[in-house]
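Survey of secondary and tertiary structure
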Amino acid sequence: MLLTALLAVNFAYAKDGDKKAPEYPNAKRESPRNDLRSEREQHLLQDGFNALNSGKDAKATDDLNKVLKDSESKYAKAMALRGLAQIKISAGDDKDAIPLLQQALDMNSLPNGDYFDTMLTIAQLQAQDGQWQPALATLQKWMTEGGKQTGEAYALEGNIYYRLNQFPQAVAAMKQAFALKPAAPDSWQQLLMASYAGMNDFSDAAKVEEAVVAKNPDDKGAIQNLVNVYIQAKEPDKALKVMADAKARGVYTTQADYINLAKMYLYVGQNQNDPKPDALQATQVLEDGFSKHIIQPGYEPYELLGKAYYLAGDESKAIATLAKGAPYAKDGELDFLRAQLLIQDQKYSEGRTVMRSALKRGVKRVGAAWALIGNADLALKDRKDAITAFEKAAQDPETHAQAEKVLKQLRGGKK
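Since this is a predicted model, take the numbers as computed values, not measurements. (Residues numbered from 1 in each chain as written. Predicted model: local features only at pLDDT ≥ 70, side-chain atom pairs only at ≥ 80, totals over all residues. Heavy atoms only, no water.)

1. Focus: the overall build of the protein
- Of regular secondary structure, the protein possesses 21 helices and zero strands.
- For a compact globule of 415 residues, the expected C-alpha radius of gyration is about 22 Å, and the protein comes in at 34 Å, more than 25% above that figure.
- Each of the three principal axes of the protein carries a C-alpha extent, and together these read 115 × 40 × 40 Å.
- The contacts in the protein between residues at least 6 apart in sequence include a share of 54% that link residues at least 24 apart.
- As displayed, the protein offers around 21200 Å² of accessible surface, 49% of which is attributable to carbon and sulfur atoms.
- Side chains of the protein give 54 positive and 54 negative charges; the mean places of these two sets differ by 6 Å. (Helix = DSSP H or I, 4+ residues; strand = E, 2+ residues; numbered from the N terminus. Rg over C-alpha atoms; globule rule 2.2 N^0.38 Å. Contact = heavy atoms within 4.5 Å. Areas by Shrake-Rupley, 256 points an atom, 1.4 Å probe, with all protein chains shown as cover. Lys, Arg positive; Asp, Glu negative; His and termini not counted. Charge placed at Lys NZ, Arg CZ, Asp CG, Glu CD.)

2. Looking at the nonpolar core
- Grouped together as the largest cluster of nonpolar side chains are 130 residues, with contacts concentrated most on Leu45, Leu139 and Trp142.
- Here this core gets ten residues from one element, more than from any other, and that element is helix H3 (residues 74-90).
- In this structure, tryptophan 142 is in contact with Tyr24, Phe116, Met119, Leu120, Gly147, Lys148, Thr150 and Ala153, ignoring residues within four places of it in sequence. (Core = buried A, V, L, I, M, F, W, Y, C linked by side-chain atoms within 4.5 Å. Buried < 20%, exposed > 50% of the residue type's maximum accessible area, 1.4 Å probe, protein only.)

3. Quick look at the packing of helix H17 (residues 333-344) against helix H19 (residues 366-379)
- Direction vectors running N to C along H17 and H19 enclose 30°, while the axes themselves pass 11 Å from each other. With respect to their mutual orientation, H17 and H19 come out roughly parallel. Handedness of the crossing formed by H17 with H19: left-handed. Residue-level inspection shows Phe336, Gln340 and Ile343 of H17 in contact with H19, the latter providing Ala368, Ala369, Leu372 and Ala376.
- In terms of residue class, the contact of H17 with H19 is built from six nonpolar, one polar and no charged. (Axes fitted to C-alpha atoms, helices over the stretch in contact; angles between N-to-C directions. Parallel < 35°, antiparallel > 145°, perpendicular 65-115°, else oblique. Left-handed = near helix turned anticlockwise from the far one by under 90°. Nonpolar A, V, L, I, M, F, W, Y, C, P; charged D, E, K, R; others polar.)

4. Concerning the packing of aromatic side chains
- Summed over all chains, the structure comprises seven aromatic pairs.
- Between tyrosine 115 and phenylalanine 116 the ring centres are 5.1 Å apart and the planes differ by 90°, which places this aromatic pair in the edge-to-face class.
- Under the relative-accessibility criterion, tyrosine 115 is labelled buried at 8%.
- Considering the side-chain rings of phenylalanine 178 and tryptophan 188, the 6.0 Å spacing of their centres and the 75° angle between planes classify their relative orientation as edge-to-face. One end of the pair, phenylalanine 178, is in helix H8 (residues 167-180); the other, tryptophan 188, is in helix H9 (residues 186-198), with ten residues separating them in the sequence.
- According to the relative accessible area criterion, phenylalanine 178 is buried, its value standing at 17%.
- One residue, arginine 29, lies across the ring of tyrosine 115, its end atom 3.7 Å from the ring centre.
- Taking NZ or CZ as reference, lysine 148 lies 4.6 Å from the ring centre of tyrosine 24, over its face. (Phe/Tyr/Trp six-rings, centres within 6.5 Å; stacked < 30°, edge-to-face > 60°. Lys NZ or Arg CZ within 6 Å of the ring centre and 35° of its normal.)

5. What about the pattern of salt bridges?
- A full pass over the atoms with the stated rule returns 22 salt bridges.
- Note that arginine 249 and aspartate 245 form a salt bridge whose closest N and O atoms lie 2.8 Å from each other.
- You can call aspartate 245 partly exposed: its relative accessible area is 36%. (Salt bridge = Lys/Arg side-chain N within 4 Å of Asp/Glu carboxyl O.)

6. Some remarks on the environment of tyrosine 115
- Secondary-structure assignment places tyrosine 115 in helix H5 (residues 112-128).
- Residues tyrosine 115 and tyrosine 24, spaced 91 residues apart in sequence, show a C-alpha to C-alpha distance of 9.9 Å.
- Once you skip the residues sitting within four places of it in the chain, tyrosine 115 turns out to touch Arg29, Leu105, Asn108 and Leu110.

7. So, helix H11 (residues 220-232)
- The end-to-end C-alpha distance of H11 is 18 Å, a good match for the 18 Å that 13 residues give at a rise of 1.5 Å each.
- Taken together, the buried positions of H11 are Ala222, Ile223, Leu226, Val227, Val229 and Tyr230. For H11, the arc enclosing every buried residue in end-on projection is 160°, short of the 170-degree limit, so these residues lie on one face.
- Contacts from the buried residues of H11 go to H9, helix H10 (202-215) and helix H12 (236-248).
- Looking at where H11 begins, the residue whose side-chain oxygen comes 3.0 Å from the main-chain nitrogen of glycine 221 is aspartate 219.
- Just past H11, the residue lysine 234 takes up positive phi, approximately 60°. (Expected span 1.5 Å × (residues − 1). Arc of directions from axis to C-beta. Polar contact = N/O pair within 3.5 Å; in protein donor to acceptor, adjacent residues only side chain to side chain.)

8. Structural notes on the layout of surface pockets
- Its boundaries defined by the atoms lining it, the second largest pocket holds a volume of some 260 Å³.
- Lining the second largest pocket are 13 residues; nearest its centre among them are Gly306, Lys307, Tyr310, Leu311 and Leu337.
- For the lining of the second largest pocket, the secondary-structure elements that each account for two or more residues are helix H13 (255-270), helix H15 (299-311) and H17.
- The greatest single-element share of the lining of the second largest pocket, amounting to five residues, is contributed by H15. (1 Å grid on protein atoms, 1.4 Å probe; cavity = no way out; pocket = protein on both sides within 12 Å on 5 of 7 lines; lining within 4 Å. Points joined across faces, edges and corners; volume = space filled by probe spheres on them.)

Dropping the structure here:
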């Protein structure tokens, strides 16, 4: 979630005599004169805010509603509405706070500090509620009429543009945010990175995330974000380097970390002329995980390790590993792979037995399973069983044509 956190809003009651530097010195709006003159109303409003600041929401609600009902001062009513909105916000009811704050603005009686702070809060609450277009309009009105620029405001604008899939505008807003607040939170970097990625500008996205990782080298979330950007940029070698470095530095500590790294080694290896070196690295990662008890015995780890050994050229270990994984499988897919390797390794009798077990447990490629059994039968000179196997293979669209060719030869007396 990249939503900008709500800024703190001060709802404390200020008297006419209080003097402080204006928060919005460049505002286009002229700050109105406070029309609260009744001492009784002043005390009632102050009582409401005292209760609010003390966490006595029920009393605060009662007092502030009395101000709304009885006061002739627009300023007092606007302040009461702000107090009631704060109660809603504190209760997590942001949506109902918005109209109360809008009513406070519509009174047009608040001094500029309170007036524009209220407007900014509305924009934040609208964004928090997913009202992206209204939030953008409110925020830009705050910027224009309030004459104020802050890094937080531009970060909010960038977030809104991002949510509206207007990525170039999001990037521009985030650059403004960083210009005003260079020491920004990492979440801003993530938003900028995501905005670049939304534009399919993975090069700039990677530069942003590289800076985040350089600043927080042990932040696993940042590392994963950088890996994802490299993958989107179709630079898996860079992604693999980042992941391998994370493991070497002890950042990777979970089974998922080790399995994902092994998968990346296999992915990179399968796109090389010789997949064996990367496949061997994958086996080492997985075996290291097993030896440290980081990886627990199960279907996925054994399947992955078996495939890695196969790509690394060690069929014996691949077969043995797939056998370990078979008891954890809900179907016969691992047995299918193991039987296929056994038959390829000319261990026809064992391979045929394992493949029949795979069929009983259920496999996706039924025709291919029967065709492999038929090939094993032929190698073992079991012509009758081979015909039966290829007849079943012929029932599957995937293997129908080839199976029929073999059957034609077998039925014609040819071996």
